[in-house]
Amino acid sequence: MEDLIKLSVKTKPSEAGEYPVVIGSGILSNQLLARFTAGRRNFIVTDENVHSAGLDSAFQQEAGFFVISPAGEKSKNITTVIEIVEAMEASGMGRDSVITGLGGGTVGDMAGFAAAIFKRGVPVLHIPTTTVAQADSSIGGKTGVDSSISKNAFGAFHHPAAVIIDTHTLKTLPEREYFSGLAESVKHAMIMDSDYFGFLEASISELREREDDVLSQLAEKNCKIKAKIVEEDPCEKNQRRILNYGHTIGHAVETLSGYKLLHGECVSIGIIAAGLIEIELGSGSKERVEKTENLLKELSLPVRIPEYISTEQILSLIKHDKKAVDGWPRFALIEDIGKALTKGGQWAHPVDAEIVESAVNKLKQKP
């Protein structure tokens, strides 16, 4: 245990104070989990992918257990959360319980939301097992589920009691899902750390081989970047909106694909869309977009919108974005790799519909 990487994430005084993030390889065990659940009855929330991979085998003797099926966005809805809450009640859980989300981003979102509303709130512990969850969604306290119209329409901010990141779990992922999550790492580099962008460019072969050392560095760099932003803006009032870089159009593409495209794949497309918008606004360049495209392609990520999704569908759906003002979204943008764009103290910006339409049209795949 001596070689574990340990970080902490501070929140505002009105929030939960701070919580630990523990990073290592091959560290999952009942003993480690017990450090953070002592004195509480632990209810595990996982999904069928994690269950099939056997990652939950060490924890099946916990007080309660719920396996989400099917895994992924198709189950990320209010009905599943109700099922989790009612399963907790059936297990005799009360205010002395803790929920542990063991899985990817959708598991963490649902476990966190269930924890936020069960008996008016119980602690949640996150054990992220995917690249997207280890890079992004397990840190910061965002929880939520989708409505029939848009992503994360129901939700709450509910910071975890702790986050345990075991990079060894990434070795169990299918190749497509593994690479998909790396889009969030690219996003973090683009909004805050140009050196990190260079690290990703230089580590392609190691990332492809899923080498332990690089995966640990990846987790640490991602957590530090996200923690810094969350500490300044825990409830996404302003600066934290830069974490949505690439997500406005990305979320729309994800929904309109019927979730055939994975979240990170859609973020990748959204990052390029943001780059094209930046060119139109004078804060970007063709060279920067090409550089970004090259990195994303090296990570086996798409950079074009599928032809079966129309521009009109995307423009209609982004009106429901969480950052919308008067029915139109604000966009997180950058002025250079490693530097988010801020104007007048604002970190999300108005963009004319014509510019967004132009960017989307340029990203349409040819039939």
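Our structure's up above, just so we're on the same page.
Residues numbered from 1 in each chain as written. Predicted model: local features only at pLDDT ≥ 70, side-chain atom pairs only at ≥ 80, totals over all residues. Heavy atoms only, no water.

Caption draft 1: Layout of a negative patch on the surface. Residues Glu312, Asp352, Glu354 and Glu357 make up a contiguous surface patch of negative charge. As for its position among the elements, Glu312 is in helix α13 (residues 311–317). A residue is classified by how much of its surface remains accessible, and Glu312, at 55% relative accessible area, is exposed. (Patch = residues over 30% accessible without salt bridge, like charges linked within 9 Å, V, L, I, M, F, W, Y side chains within 5 Å. Areas by Shrake-Rupley, 256 points an atom, 1.4 Å probe, with all protein chains shown as cover. Salt bridge = Lys/Arg side-chain N within 4 Å of Asp/Glu carboxyl O. Lys, Arg positive; Asp, Glu negative; His and termini not counted. Charge placed at Lys NZ, Arg CZ, Asp CG, Glu CD. Helix = DSSP H or I, 4+ residues; strand = E, 2+ residues; numbered from the N terminus. Buried < 20%, exposed > 50% of the residue type's maximum accessible area, 1.4 Å probe, protein only.)

Caption draft 2: Looking closely at the sheet that holds strand β1 (residues 5–10). Across the sheet, seven strands lie side by side as β1-β2-β9-β6-β5-β3-β4; this open sheet has mixed pairing. Strands at the two margins of the open sheet, each flanked by one partner only, are β1 and β4 (64–68). On average, each strand axis in the sheet is inclined to that of its neighbour by 15°, with strand direction left out of account. Pairing of strand β6 (residues 124–128) with strand β9 (residues 162–166) involves two bridges; the strand directions are parallel. Residue pairing for β9: His126 is matched across the bridge by Val163. Against the sheet, helix α3 (residues 78–90) makes contact with β3 (41–47), β4 and β5 (97–103), and its axis sits at roughly 160° relative to β4, the strand it touches most. (Pairing = 2+ DSSP bridges. Axes fitted to C-alpha atoms, helices over the stretch in contact; angles between N-to-C directions. Contact = heavy atoms within 4.5 Å.)

Caption draft 3: Fine view of the pattern of salt bridges. Applying the stated criterion across every chain, the model contains 17 salt bridges. Here Lys187 makes a salt bridge to Asp136, at a shortest N to O gap of 3.1 Å. A residue pair is termed long-range when its members are at least 10 positions apart, and Lys187 in helix α6 (residues 175–192) and Asp136 in helix α5 (residues 131–137) qualify at 51 residues. Exposure remark for Lys187: the relative accessible area of 0% places this residue in the buried category. As a salt-bridge pair, Lys226 and Asp136 come within 3.1 Å of each other at their nearest N and O atoms. Placement of Lys226 in helix α9 (residues 212–232) and of Asp136 in helix α5 is noted, with a sequence separation of 90 residues between them. A residue is classified by how much of its surface remains accessible, and Lys226, at 5% relative accessible area, is buried. You can call Asp136 buried: its relative accessible area is 10%.

Caption draft 4: Fine view of helix α12 (residues 286–298). The terminal C-alpha atoms of α12, which comprises 13 residues, lie 18 Å apart, in line with the 18 Å expected from a rise of 1.5 Å per residue. Listed as buried for α12 are Arg288, Val289, Thr292, Glu293, Leu295 and Leu296. Relative to the axis of α12, the buried residues are bounded by an arc of 165° and lie together on one face. Opposite the packed face of α12, turned more than 90 degrees from it, sit the exposed residues Lys286 and Glu287. Looking at the buried residues of α12, the elements they touch are α6, α7 (194–202), α8 (204–209), α11 (263–281) and β11 (334–336). Directly beyond the C-terminal end of α12, a positive phi value near 60° is found at Ser300. (Expected span 1.5 Å × (residues − 1). Arc of directions from axis to C-beta.)

Caption draft 5: Fine view of the pairing of β4. The alternating pattern of β4 places Gly64, Phe66 and Ile68 on a buried face and Phe65 and Val67 on a face that is not buried. Taken together, β3, helix α2 (residues 48–53) and β4 constitute a β-α-β crossover, and its handedness is right-handed. (Right-handed = clockwise from strand over helix to strand, strands pointing away.)

Caption draft 6: Spatial organisation of the packing of aromatic side chains. Under the criterion given, the structure shown has two aromatic pairs. Their ring planes at 70° and their centres at 5.2 Å tell us that Tyr178 and Phe179 sit as a pair that is edge-to-face. On the accessibility criterion, Tyr178 (0% relative accessible area) is buried. A cation over a ring is seen here: Arg210 above Tyr178, with NZ or CZ 4.2 Å from the ring centre. We note Lys221 situated over the ring of Phe199; from NZ or CZ to the ring centre the distance is 5.1 Å. (Phe/Tyr/Trp six-rings, centres within 6.5 Å; stacked < 30°, edge-to-face > 60°. Lys NZ or Arg CZ within 6 Å of the ring centre and 35° of its normal.)

Caption draft 7: Examining the packing of α11 against helix α14 (residues 353–362) more closely. Where α11 contacts α14, the axes come no closer than 9 Å and their chain directions differ by 130°. Considered as vectors, α11 and α14 are oriented oblique to each other. Both α11 and α14 take part in a crossing whose hand is right-handed. Residues Ala273, Leu276, Ile277, Glu280 and Leu281 of α11 pack against Ile355, Val356, Ala359 and Lys362 of α14. When grouped by side-chain class, the residues that make up the contact of α11 with α14 number seven nonpolar, no polar and two charged. (Parallel < 35°, antiparallel > 145°, perpendicular 65-115°, else oblique. Left-handed = near helix turned anticlockwise from the far one by under 90°. Nonpolar A, V, L, I, M, F, W, Y, C, P; charged D, E, K, R; others polar.)

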